Protein chains: 4
Amino acid sequence: MENVKVAVIYYSATGTNYTMGQWAVEGAEAAGAEAKLVRVPELAPDEAVHANPVWKQHLEDTSHIPEATLADLEWADAFIFSMPTRFGNLPAQMKQFIDTTGGLWMNGQLINKVVSGMSSAQNPHGGQEATVKNLYTTMMHWGAIIASPGYTDPVTFASGGNPYGTSVTVDQEGNMQEDVEEAVKHQAKRTVTVASWVKKGMEQQ
Amino acid sequence: MENVKVAVIYYSATGTNYTMGQWAVEGAEAAGAEAKLVRVPELAPDEAVHANPVWKQHLEDTSHIPEATLADLEWADAFIFSMPTRFGNLPAQMKQFIDTTGGLWMNGQLINKVVSGMSSAQNPHGGQEATVKNLYTTMMHWGAIIASPGYTDPVTFASGGNPYGTSVTVDQEGNMQEDVEEAVKHQAKRTVTVASWVKKGMEQQ
Amino acid sequence: MENVKVAVIYYSATGTNYTMGQWAVEGAEAAGAEAKLVRVPELAPDEAVHANPVWKQHLEDTSHIPEATLADLEWADAFIFSMPTRFGNLPAQMKQFIDTTGGLWMNGQLINKVVSGMSSAQNPHGGQEATVKNLYTTMMHWGAIIASPGYTDPVTFASGGNPYGTSVTVDQEGNMQEDVEEAVKHQAKRTVTVASWVKKGMEQQ
Amino acid sequence: MENVKVAVIYYSATGTNYTMGQWAVEGAEAAGAEAKLVRVPELAPDEAVHANPVWKQHLEDTSHIPEATLADLEWADAFIFSMPTRFGNLPAQMKQFIDTTGGLWMNGQLINKVVSGMSSAQNPHGGQEATVKNLYTTMMHWGAIIASPGYTDPVTFASGGNPYGTSVTVDQEGNMQEDVEEAVKHQAKRTVTVASWVKKGMEQQ
């Protein structure tokens, strides 16, 4: 699978989805893919960010991570998205990035990309399912192929059993409440594996 | 119902949802409510807006419409949201406004607001259902009471029969493909009616 | 609220949603409503039921609970549905009951019923959100008014924080993994309260 | 793609989804697959069926179509589901069949099946989107790979532009309101194509 290219696209305010994104990169690379971690731009006004020291610090700490671009979407064979829920749906930051892809969509350049998604929330049932599923709704518009983790490996059960995409609950201090590292890596491997099949299939057409 | 206050909150790039919002205001006022039309701020970069003359013109033509604020959400007893789909989900512009309501949410100030939503798309099945339903997912986080139109009036059938919220299909020239004016006004009246019951009920508690 | 009538409609294979339904009845009655617990008919073939001693026993133990009828839907001002997930959606048993309501729907007899839903699953993120949200999709077709619990009371946070409806995770031995009794009772009270507002409002029209 | 096996699984009361299923079989075969059309068993009571002469006639006319079995799910590399909406969700008949797959699920035998779905409704926005998307929620539990049509071919635009799955609106006399035959065939071809990539990929692992 050395030829598969994966863009791990995340939004993170205080670090959880950044960590999940890093694990996804590790899992994708371990599966033989070339992986790139990119963040979507912050949209929140400075006063909101500065009112939360952890948010401000995380933004500074990750300033070296490249911002996601349309070129990343063209480049990649597979996408793994990671983001916290915002009221049971994608954060505006992620949606804003997605909403800039109209040109790629019109040219059919997002067709047959293989995707999966991940999420986090502060409550155990705070929109983890809804957020990932809403992402997939958009992916269907793109003509992407959805390879959610399902229950394709026992590690899914150990990490909360979310078949739509790995999710984690985070307490108010930012501590993950479940151990999802292996589930993230499994999901990344699965996404890469399906993408390798699709890529090879398209090349042989 | 003279006491019911309704905020009609819309995002519109080229005018469709602005028109629907105006109809909703008319319908709410005809039902005896006090209604206010507010737009969420544009997020798209200038170059995107300027590349589309209709978008640019609409933005200029509606510069007098007040921007939605958190105070509008506090003020209103009921919300009617109107927005085009963007890949089967809310436009980032609308989500960005929603994502600024964390403080109101934390204080419980969005509880028992009565809501309904409307949408548009360029294809007949281009996300009209999904967009309104995703809005409602967020409304459940707010503790709002959802009064979708259902099939509560024959006018719903005549306008496309979307029970989640009135929706319209728009061709590439921006022409609405169905006559939804009466359906919008019915939806507004229904939202106001349910809100009047809820408001009176809360006052008498 | 002594006039509000609530139908608590559940499907339960091994008892979890029966217990949740009983709590909902208690919560509704404590809020002053008249509540009725009804079960939807079993659809599974005998061999499936008999292969699982707990399922068989529960079916026998609850044979005295009346089966849900269309008359219950007409009678009630509010519905509380409770059911386990089956692959992220309603069990066929519940859907079959719902699918018999075409006549009531056509006559508009389900309009303005106030509803909320509850669910259970074997994994923490095994479809708890999706199942309740899919129920609400159907409720929108009915013209019902959706009063999901949201975060209208701190007890929601303590029980898993599902704003769509109270949900519980059940281990393979049938033990509930969270203490949701108070959350169920709060949800029932909220459903009754909103229904009392709606009922009074309709009477005064 | 001569090796790809497709099960076209439908529920139809009065014939629409039977016709769509036949088109899907034709499309799959034209793409080189081996395709099998199977119907899920009727659940409605005889009095309901007999009260509708068209329903009764269709049931008799299709008695020769084999009923869907678990063996069909094992046999097939890809599934195409077709069903009318029932209040924005799957008909109980389809859900009942799906709910019998617990054993296959537990053994992982539904993993990596490639799927897409189709739907119909009596209103243009009567749950066409919601029904197909709810099917996909279940498919994620199965570990299936979702290959919705998206906008992968211009024919999608001509047939209503539903990116989740081909859908059709049917009037009260049962006449399809859009010409979706080519869209169905395109969807079938796409499902087969993706399934051929997945199948070959798995064989080479």
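Keep in mind that what you see is a predicted model, and the values were worked out from it rather than measured.

(A) Quick look at the relation of the copies chain D and chain C. For the pair chain D and chain C, the superposition axis carries a translation of 0.0 Å, the fit reaches an RMSD of 0.0 Å, and the rotation angle comes to 180°. Each copy turns onto its partner about a two-fold axis. Proximity to the rotation axis, assessed at the C-alpha, singles out Ala92(D) in chain D; its C-alpha lies 2.6 Å from the axis. Of the interface residues in chain D, 100% have counterparts in chain C that sit at the interface too, so the contact is made through matching surfaces.

(B) Up close: the relation of the copies chain A and chain D. Each copy superposes on the other: chain A lies on chain D with an RMSD of 0.0 Å after a rotation of 180° and an axial shift of 0.0 Å. Both copies present the same face, since 100% of the interface residues in chain A are matched by interface residues at the equivalent positions in chain D.

(C) Local environment of the pairing of strand β2 (residues 34-39) of chain D. Residues and elements named next belong to chain D. Examined bridge by bridge, strand β1 (residues 5-10) and β2 share 6 bridges and lie parallel to one another. Bridge pairing in β2 links lysine 5 to glutamate 34. In terms of handedness, the path from β1 via helix α1 (residues 16-30) over to β2 forms a crossover that is right-handed.

(D) Focus on the environment of Met139(B). All names here are of chain B. Positionally, methionine 139 belongs in helix α7 (residues 128-142). Spatially, the C-alpha atoms of methionine 139 and isoleucine 98 are 9.9 Å apart, while their sequence positions differ by 41 residues. Residue contacts for methionine 139: discarding those within four places in its chain leaves Phe81, Val115, Ala144 and Ile146.

(E) Expanded view of the UniProt feature "domain: Flavodoxin-like" (unreviewed entry) in chain A. The feature "domain: Flavodoxin-like" (unreviewed entry), as given by UniProt, occupies residues 6-192 of chain A in the numbering adopted here. Counted over residues 6-192 of chain A, helix gives 42% and strand 17%. Its end C-alpha atoms are 7 Å apart.

(F) Representation of the interface of chain A and chain D within the structure. Contact with chain A, which involves 29 residues of that partner, is made by 29 residues of chain D. Together chain A and chain D conceal approximately 2,500 Å² of surface at their shared face, both sides included; 63% is due to carbon and sulfur atoms. In this structure, the connection of chain A to chain D is made through 0 salt bridges. Taken together, chain A and chain D are joined by 11 residue pairs in polar contact (both at pLDDT 80 or more). Looking at which element gives the most residues to the side of chain A that touches chain D, the answer is helix α9 (residues 181-203) of chain A, with 8 residues. Residues belonging to the side of chain A that touches chain D are distributed by class as follows: 15 nonpolar, 11 polar and 3 charged.

Calculation notes
- Residues numbered from 1 in each chain as written.
- Chains lettered and ligands numbered in written order.
- Predicted model: local features only at pLDDT ≥ 70, side-chain atom pairs only at ≥ 80, totals over all residues.
- Heavy atoms only, no water.
- Least-squares fit on C-alpha atoms with pLDDT ≥ 70 in both.
- Contact = heavy atoms within 4.5 Å.
- Pairing = 2+ DSSP bridges.
- Helix = DSSP H or I, 4+ residues; strand = E, 2+ residues; numbered from the N terminus.
- Right-handed = clockwise from strand over helix to strand, strands pointing away.
- UniProt positions renumbered as here; feature names shortened; annotations may be inferred.
- Buried area = accessible area lost by both parts, 1.4 Å probe.
- Salt bridge = Lys/Arg side-chain N within 4 Å of Asp/Glu carboxyl O.
- Polar contact = N/O pair within 3.5 Å; in protein donor to acceptor, adjacent residues only side chain to side chain.
- Nonpolar A, V, L, I, M, F, W, Y, C, P; charged D, E, K, R; others polar.

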